[in-house]
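Take a look at the letters that make up each chain.
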Number of protein chains: 2
Amino acid sequence: MSTSKTKTAIGVDLGGTTIKTGLVSERGKILYQNKFPSHSDRGPVAVVQQIVRSVRDAMEHKPKGKLMGVGIGAPGVVDDDGYVKAPPNFADWDRVRLAKEVGRFLKGMPIAVENDANCAAIAESKFGAGKRHKNFLFIIWGTGVGGGIILNDRLYRGPTGGAGEVGHITIDYNGPQCGCGNRGCIEAYIGQRYLSQRTVEKVKAHPNSKILSLVGGDYSKIEPIFISQAAEAGDELARSILIEAGTLLGVAVGAVMNTMDLRVSIIGGGVSAAGEVVITAIQQSVRARVLKPLRDEIKVLPAKLGNTAGILGAAGLVL
Amino acid sequence: MSTSKTKTAIGVDLGGTTIKTGLVSERGKILYQNKFPSHSDRGPVAVVQQIVRSVRDAMEHKPKGKLMGVGIGAPGVVDDDGYVKAPPNFADWDRVRLAKEVGRFLKGMPIAVENDANCAAIAESKFGAGKRHKNFLFIIWGTGVGGGIILNDRLYRGPTGGAGEVGHITIDYNGPQCGCGNRGCIEAYIGQRYLSQRTVEKVKAHPNSKILSLVGGDYSKIEPIFISQAAEAGDELARSILIEAGTLLGVAVGAVMNTMDLRVSIIGGGVSAAGEVVITAIQQSVRARVLKPLRDEIKVLPAKLGNTAGILGAAGLVL
């Protein structure tokens, strides 16, 4: 393959703390990557400036060949008119037409914006675990539980761009209180904060667990990464916690599969890095929950792209 | 409007006991309707013959103008290749390519087949409560709980034609046993049999309820129609049972709306005939369950077409 003429795109992963921007080849290779502070506490104008800075920096590393455009993955809801609405942790940001604002500084450049979970779904579809699957539910399991739905190799955005909000599927209508105001959302069981709280209770009852030694005996430091580490080290309590969490997530995933006639789910985000134990638990739970015709075809796969999914998916918007 | 030239289609509503077939105008008027036994206990060949008989009978009543084709709504899963798979209560029926089999007897006539719940969704979209809504979740609430999803005025079938199976969405992962083998499916709370059983328990605790007098004191006769009648007559227990059932259904509907970015749900089927009490309960429950941006836009509407939805939707497949 000649690299003398490579089609590229710039992918921007806008987070509350940092902007990660990459120059991405058509095949999904990150040729260059930078990192800028997002200045999310200073209002939209400051954030737009930082995005433009990071894009201009990436442009300087462009190889020969066409630059197809700039894609931006943003937190919050991105509607059909390109407005980014109320992203969490961004100050003074009600709704901002982000592509248009960034475009003022990058004349003539095609610019696309999409929700960050949806970007990660696109990345897995084009370059990751979803390459061989035309239809799947992508789950991003970290602080919260988000998702993106790929139908026929394309993102399903829903009528107004809000599709894929699987974190607030109810798995027990009498269940624990969720930050969204309801009861029993899957996020209220397995979102990072909730999972950590639930784990604290369990470790108190089993203080011999490796989880507690990993945090030096400090309960307030318990979080999913230590559950994963303890599970890897063979800790039974940690394993049971991950299996329970995966089983619960499977209930919500099964609901989506029944409704939308899907068979494949790809699990990304920090907690999913716990690996095989969690993935197997999710898969078994989904299989138990879906209707018979789907059962044998259910596949739950770990995401492949990790932290780069945001950049790759954002670039994928214009590739 | 001149009726001298009316585009028409024949809609076939195939049930386990009877076939209802209608000649339907482009505007959704049933110009003629018949009823044949479906002979579902005699195997697919007998059923096909009965369908053909009913269609030929309807054809004789065709006005001037073009007959666009024959649409068939069938129970069971209808896959992308037109196979009708294992419809409940049909003997010796594994999978039958129904359009092809019926077509042998109706040379040159376009024939389409679709799942019956999906047909009812199409009917509401084209001719009923969904005429003004491009995107909605249709629920059919009777013996079981089924559904159909309309996106952009068209049926969303999913990758293999199985979409809309909302009856087995879990609303409590520790909930009561469902016929499908799982626990806590919405159908296990509000499907006709389950709702009746739950009502029997409640009436036993409140034997003064009008429900009991409506069935002449015979608990085994309690079914949803009597709950509705008692509620209409002002019976408090009956009202509370309907409100609870609607609230539970709203949990499942809310999950679909969050996932697919929908705002409208249309409720059909026998139990929904209970009317305003149930519809209001569903709507309040959905509003409480969906994410904030959707909340104020949620509309839950009663279906408009009642028993004719099957015929109209089947005809709608070819209109």
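Here the residue numbers are simple positions, counted from 1 along each chain's written sequence. Both sets of labels track the order of writing: A upward for chains, 1 upward for ligands. For this predicted model, a pLDDT threshold of at least 70 governs which residues receive local features, and a threshold of 80 or more governs which side-chain atom pairs are given and counted, while totals over whole chains, interfaces and linings are taken from all residues.

**Things to note about the interface of chain B and chain A**
Where the parts come together, the accessible area they lose is often given as the size of the interface. The interface is formed by 33 residues belonging to chain B together with 33 residues belonging to chain A. Every element with two or more residues in the side of chain B that touches chain A is listed here: α8 (236–260) and α9 (276–289) of chain B. Each helix is a run of H or I in the DSSP string that is no shorter than four residues. Each strand is a run of E no shorter than two, and both are numbered from the N terminus. The element best represented in the side of chain B that touches chain A is α8(B), accounting for 8 residues. Residue composition of the side of chain B that touches chain A, grouped by class: 17 nonpolar, 12 polar and 4 charged. Once C-beta atoms have been placed from the backbone, residue pairs whose C-beta atoms lie within 7 Å are recorded as contacts. Gly is placed with the polar residues, together with every amino acid not listed as nonpolar (Ala, Val, Leu, Ile, Met, Phe, Trp, Tyr, Cys and Pro) or charged (Asp, Glu, Lys and Arg).

**Focus: the relation of the copies chain B and chain A**
The copies were overlaid with a least-squares fit restricted to C-alpha atoms from residues scoring a pLDDT of at least 70 in each copy. Mapping chain B onto chain A is achieved by rotating through 180 degrees and translating by 0.0 Å along the same axis, at an RMSD of 0.0 Å. Viewed as a symmetry operation, the transformation between the two copies matches a two-fold axis. No C-alpha of chain B approaches the rotation axis more nearly than that of B:D172, which lies at 1.9 Å. When you check the interface residues of chain B against chain A, 100% turn up at the interface there too, and the contact is symmetric in its surfaces.

**A closer look at the pairing of strand β3 (residues 30–37) of chain A**
Residues and elements named next belong to chain A. One requirement defines pairing of two strands: DSSP has to find at least two bridges between them. Where strand β2 (residues 18–25) lies against β3, 7 bridges are found, and the strand directions are antiparallel. For T18, the partnering residue across the bridge sits in β3 and is P37. The turn joining β2 and β3, which pair antiparallel and follow one another in sequence, is formed by 4 residues; a positive phi near 90 degrees is taken by G28.

**Thoughts on the sheet that holds strand β7 (residues 95–97) of chain A**
Residue and element names in this part refer to chain A. The strand order across the open sheet built from 3 strands is β5-β6-β7, with neighbouring strands paired in antiparallel fashion. The sheet terminates laterally at β5 (77–78) and β7, the two strands that pair on one side only. The sheet contact formed by β5 and strand β6 (residues 83–85) spans 2 bridges and is antiparallel. Within the sheet, the bridge partner assigned to V77 lies in β6 and is K85.

**Some words on the environment of A:R154**
Residue and element names in this part refer to chain A. Considering the arrangement of structural elements, one finds R154 in strand β11 (residues 154–156). Field definition: a residue is buried when 20 or more other C-beta atoms are found within 10 Å of its C-beta, exposed when 12 or fewer are, and partly exposed for counts in between, with C-beta atoms placed from the backbone. Judged by the 12 C-beta atoms lying within 10 Å of it, R154 falls in the exposed class. Along the backbone, R154 and S125 are 29 residues apart, and their C-alpha atoms lie at a distance of 8.2 Å.

**A short note on the environment of A:D153**
Positionally, A:D153 belongs in the loop between β10 (145–151) and β11. Between the C-alpha atom of A:D153 and that of A:G15, which follows or precedes it by 138 residues, the distance is 26 Å.

**What to know about the domain arrangement of chain A**
All names here are of chain A. For the domains described, the bounds stem from an automatic or database domain assignment. According to the domain assignment, chain A contains domain 1 (8–124 + 309–316) and domain 2 (131–303). One C-alpha centre belongs to domain 1, the other to domain 2, and the line joining them spans 27 Å. Every contact between the two is made by 11 residues of domain 1 and, on the other side, 14 residues of domain 2. Residue contributions to the side of domain 1 that touches domain 2 peak at 6 residues, all from helix α3 (residues 116–127). Per-class residue counts for the side of domain 1 that touches domain 2 are 7 nonpolar, 1 polar and 3 charged.

**So, helix α7 (residues 224–232) of chain A**
Residues and elements named next belong to chain A. Regarding α7, the residues found buried are P224, F226, I227, S228, A230 and A231. In this structure, the buried residues of α7 make contact with α5 (192–205), α6 (210–214), α8 (236–260) and α9 (276–289). G234 occupies a position one or two residues after α7 and carries a positive phi of about 95 degrees.

**Comments concerning the pairing of strand β9 (residues 136–141) of chain A**
Residue and element names in this part refer to chain A. Within β9, 6 of the 6 residues are buried, leaving the element largely enclosed by the surrounding structure. Of the two faces of β9, the one carrying F136, F138 and I140 and the one carrying L137, I139 and W141 are both buried. The sheet contact formed by β9 and β10 spans 6 bridges and is antiparallel. Residue W141 lies in a different strand from β10, and its bridge partner there is V145. Taking the residues that link successive antiparallel strands as the turn, the β9-β10 hairpin has 3 residues. Pairing geometry for β9 and strand β12 (residues 264–268), over 4 bridges, is parallel. Across the sheet, residue I139 finds its bridge partner in β12, namely I267.

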